[in-house]
Amino acid sequence: MTIKERGYTHWDGELRDGRFPWWPITRMGIKLTFKRRFFKLFFGLTLMPALVWLVGIYISERLEDFKFMMEGETDFLNVNPLYFKTYFTNEFLLFMVVMIMVFSGAGLISDDLRHNALQLYFARPLKKRDYLTGKAAVIFFFLLILTLVPGVVFILFKMIFAGNFQFFVSYPWLILSVVAYSLLLTTFFAFYTLLMSSVGKNRRYVSILIFGVYFFSDIFSAIFREIFRSQYFFLLSIKTNLQQIGAVLFRQRTPFNIPWFYSLLVIVAICLFAAYLLKRKVRGVEIIK
Amino acid sequence: MLIRCLLVEKEGQGSGDHQVTAVIQTQNLSKWYGNVLGLNDVTLEIEAGITGILGPNGAGKSTFLKLITGQIKSNIGSVTIDGQRVWNNFSLFSKIGFCPEQDSFFEEMTGWQFLTSLLRLYHFSTAEIEEKADKALEIVELTEDKHRAVRSYSRGMRQRLKVAQSIAHDPAIIILDEPLNGLDPLGRRKIIRLIKEYKGEGRTIVVSSHVLPEIEAMTNQIILIHQGKIFAQGDIHYIRDLIETHPHIISIKCSDPRQLAQKFIQHDFVLKVNFDQKKGSLLVETNNRDKFFGLLPVLFVENRIEVEEITSPDDNLQAVFDYLIGK
């Protein structure tokens, strides 16, 4: 038998399977976002509404002490599910969410496309699913800080300021509403942002797209409503759909006269469409010359 | 025409303890992109050591490398590494290092950050990551520049950093797609030396290039690929011999082409002489380049002919391929 001249050294490494293979992607995404100019300042600003609402909770428990400041109506300081719904579906918060997406989400995939980095990821022990999970987790990180964390903090501080568990006993389902709405909002924006980010290689272009699609959906909704005089055109607006579902989850009256599950269907459809496109767009680089 | 060269093998001294089996095997591997055929029915075996994939641009080299690194899925056929299927076998990717042809950097990161962020994907501990990143940067001689942003790196440094990311996790199989592209001679020498050192450690290295001397400087084992087909595999000397004996055209611009033609035509290794009226040059076709280039300076000196330019229009890989496939 012929013997080849070369010797083969057996590889003594390990074929490792990490428990959270997506974590390094998330970690890098969060780190790079915080490195962006003005992001820390901006992120601090996005937490302002939460601070205002928290102060509101404090004042609601000390109405007598703050009487000198209050003139007339103090109903808005009633801490109840409506108070929470107002925080979670107010336009300013949704605007801040979109801005956070512009800062932290626009470059998530587009930067990798621009730098041809997908081939570096997929030549490593990383599945496409892990890659997308890692990227989505960056969005979850920022948006849950803006939604879930304040929601839980509001409930906790309401009980701390009141010195009893009455609030929790009165609305035991509220914590579930907070979790459900936060997850829904975050999941939707994760799909939405990743889809936009996978559309182009230019971060600025993607930023405009994230911002533009959200706001133009609202503008087109208003235009079509005026032209066709139909409430169903509310479904064209991303903001309106989220507000509708938010109202239902916090057991409040829906702000618009359309069935809430239509809004849910629109949101789910956008997520499914995004998942389908992401599956097609995020793949190994194919060479055609 | 499919030419399969015999692998150069040495008879072993012992009883066969060191018998080598193929590390990478492909079976009827085919890949197409719409109507474009990227790779066509490739069946081959690659063993430990350095193997050069040689072919002109668009021959299917990168497609082949992406298939064996499991980045794209073949339409037909299979790839195995150490007997395991590659496609969707993600844990297997731990033992593969891939250096892509195109630049793939996060420009805002430093070289060190770039390496450590990629090493994290292998689930090493922080200490291991730092150690491996430092080691890889040292190997490619980028230690001094490791804290500079990648965007400020020169072409050669970028190429070396690309190689560093492919070797940092200490893989058994290293796939390098055109690693010498765009490098200056010094940079080339560095990378070639590095690749050769790695071979010495018993690893399997697959290097692609469209430049024959580049591959020649690294290995004797080559695979010739053209239009998505493998049509020669084996020892580079055999391929070299084919190149040496196939008719070559040499173009000479000189002060007296007619006299030179007269002298050349007397020799049997000169098959044909022609005049290119437009360029004013003499075209000589020979089947023995060594004898031809031995005679050339003698004729210049003896006949006092002044030379302006000597070129070999078909001394390139495409010409070799054309010859080998019988065009």
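Everything numeric in this text was worked out from a predicted model, so none of it was measured.

**Describing the overall build of chain B**
Line of reasoning, step 1. Along its length, chain B carries 10 helices and 15 strands.
Line of reasoning, step 2. The burial tally for chain B puts 41% of its 327 residues in the buried class.
Line of reasoning, step 3. For chain B, the proportion of contacts with a sequence separation of at least 24, taken over those separated by at least 6, is 70%.

**A closer look at the pairing of strand β11 (residues 229-235) of chain B**
In the case of a regular strand, side chains alternate between the two sheet surfaces.
Residue and element names in this part refer to chain B.
Line of reasoning, step 1. As paired strands, strand β10 (residues 221-226) and β11 are joined by six bridges and run antiparallel to one another. If you follow I223 over to β11, its bridge partner there is Q233.
Line of reasoning, step 2. Connecting β10 to the antiparallel partner β11 that follows it, the hairpin turn spans two residues, and Q227 within it adopts a positive phi of roughly 50°.

**Some words on the sheet that holds strand β13 (residues 270-276) of chain B**
Residue and element names in this part refer to chain B.
Line of reasoning, step 1. In space, the four strands of this open sheet follow the order β13-β14-β12-β15, with antiparallel pairing throughout. The sheet terminates laterally at β13 and β15 (307-311), the two strands that pair on one side only. Each adjacent strand pair in this sheet contributes to an overall mean axis angle of 20°, direction not counted.
Line of reasoning, step 2. Two elements, β13 and strand β14 (residues 281-286), share six bridges in a ladder whose sense is antiparallel.

**Notes on the environment of B:V140**
Residues and elements named next belong to chain B.
Line of reasoning, step 1. With respect to the element layout, V140 can be found in the loop between α3 (126-139) and α4 (155-167).
Line of reasoning, step 2. With 24 residues separating them in the primary sequence, V140 and A164 have C-alpha atoms 6.3 Å apart.
Line of reasoning, step 3. Excluding its chain neighbours within four sequence positions, the residues that come into contact with V140 are R160, L161, V163, A164 and L194.

**Observations regarding the packing of helix α5 (residues 91-105) of chain A against helix α8 (residues 128-146) of chain A**
Residues and elements named next belong to chain A.
Line of reasoning, step 1. At a closest axis distance of 10 Å, the pairing of α5 and α8 adopts a crossing angle of 150°. With respect to their mutual orientation, α5 and α8 come out roughly antiparallel. For the pair α5 and α8, the sense of crossing is right-handed. Listed contacts from α8 to M96, V97, I100, M101, S104 and G105 of α5 are V138, I139, F142, L143 and L146.
Line of reasoning, step 2. Here the residues of the contact of α5 with α8 sort into nine nonpolar, two polar and no charged.

**A few points about the nonpolar core**
Line of reasoning, step 1. Of all hydrophobic cores here, the largest spans 139 residues; its most connected members are A:V97, B:L115, B:A164 and B:I175.
Line of reasoning, step 2. Here the element with the most residues in this core is helix α11 (residues 174-199) of chain A; it accounts for 12 residues.
Line of reasoning, step 3. Beyond its immediate sequence surroundings of up to four residues, B:I175 is in contact with B:L65, B:I68, B:T69, B:I96, B:G97, B:F98, B:C99 and B:V206.

**Some thoughts on helix α6 (residues 107-114) of chain A**
Line of reasoning, step 1. Most of α6(A) is tucked away, with seven of its eight residues classed as buried.
Line of reasoning, step 2. Where the residues of α6(A) are buried, they touch α1 (23-35), α5, α7 (118-122), α8, α11 and α12 (203-228) of chain A.

**A closer look at the confidence of the model for chain B**
Low-pLDDT portions of the prediction should not be read for the details of their coordinates.
Residues and elements named next belong to chain B.
Line of reasoning, step 1. When pLDDT is averaged along chain B, the result is 82; 86% of the residues meet or exceed 70.
Line of reasoning, step 2. Here residues 1-19 is a poorly scored stretch, pLDDT under 50, and it has 32 contacts once near neighbours within four places are set aside; other chains count.
Line of reasoning, step 3. If you check the scores for this complex, the pTM reads 0.78 and the ipTM reads 0.77.

**Quick notes on unusual backbone geometry**
All names here are of chain B.
Line of reasoning, step 1. For N88, which is not glycine, the phi dihedral falls at a positive 65°.
Line of reasoning, step 2. Along the chain, N88 falls in the loop between β6 (84-85) and β7 (96-99).
Line of reasoning, step 3. Judged by C-beta crowding, with 9 C-beta atoms within 10 Å, N88 ranks as exposed.

**Some words on the sheet that holds strand β5 (residues 76-81) of chain B**
Residue and element names in this part refer to chain B.
Line of reasoning, step 1. Taken in spatial order, the four strands of this open sheet run β3-β2-β5-β6, and their pairing is antiparallel. The open sheet has two free edges, formed respectively by β3 (36-46) and β6, since each of these has just one partner strand.
Line of reasoning, step 2. Where strand β2 (residues 24-33) lies against β3, seven bridges are found, and the strand directions are antiparallel. Pairing of T26 across the sheet is with L44, part of β3.

**Here's the deal with the environment of B:I173**
All names here are of chain B.
Line of reasoning, step 1. Structurally, I173 can be placed in strand β8 (residues 173-177).
Line of reasoning, step 2. Take I173: there are 23 C-beta atoms within 10 Å of it, and that puts it in the buried class.
Line of reasoning, step 3. Linking I173 and A48, residues 125 residues apart in sequence, is a C-alpha distance of 8.4 Å.
Line of reasoning, step 4. Every residue in contact with I173, bar those within four places of it in the chain, is listed here: V23, I81, K95, I96, R203 and T204.

Rules behind the numbers
Residues numbered from 1 in each chain as written. Chains lettered and ligands numbered in written order. Predicted model: local features only at pLDDT ≥ 70, side-chain atom pairs only at ≥ 80, totals over all residues. Helix = DSSP H or I, 4+ residues; strand = E, 2+ residues; numbered from the N terminus. Buried ≥ 20, exposed ≤ 12 C-beta atoms within 10 Å, placed from the backbone. Contact = placed C-beta atoms within 7 Å. Pairing = 2+ DSSP bridges. Axes fitted to C-alpha atoms, helices over the stretch in contact; angles between N-to-C directions. Parallel < 35°, antiparallel > 145°, perpendicular 65-115°, else oblique. Left-handed = near helix turned anticlockwise from the far one by under 90°. Nonpolar A, V, L, I, M, F, W, Y, C, P; charged D, E, K, R; others polar. Core = buried A, V, L, I, M, F, W, Y, C linked by C-beta atoms within 7 Å. pLDDT = per-residue confidence, 0-100.

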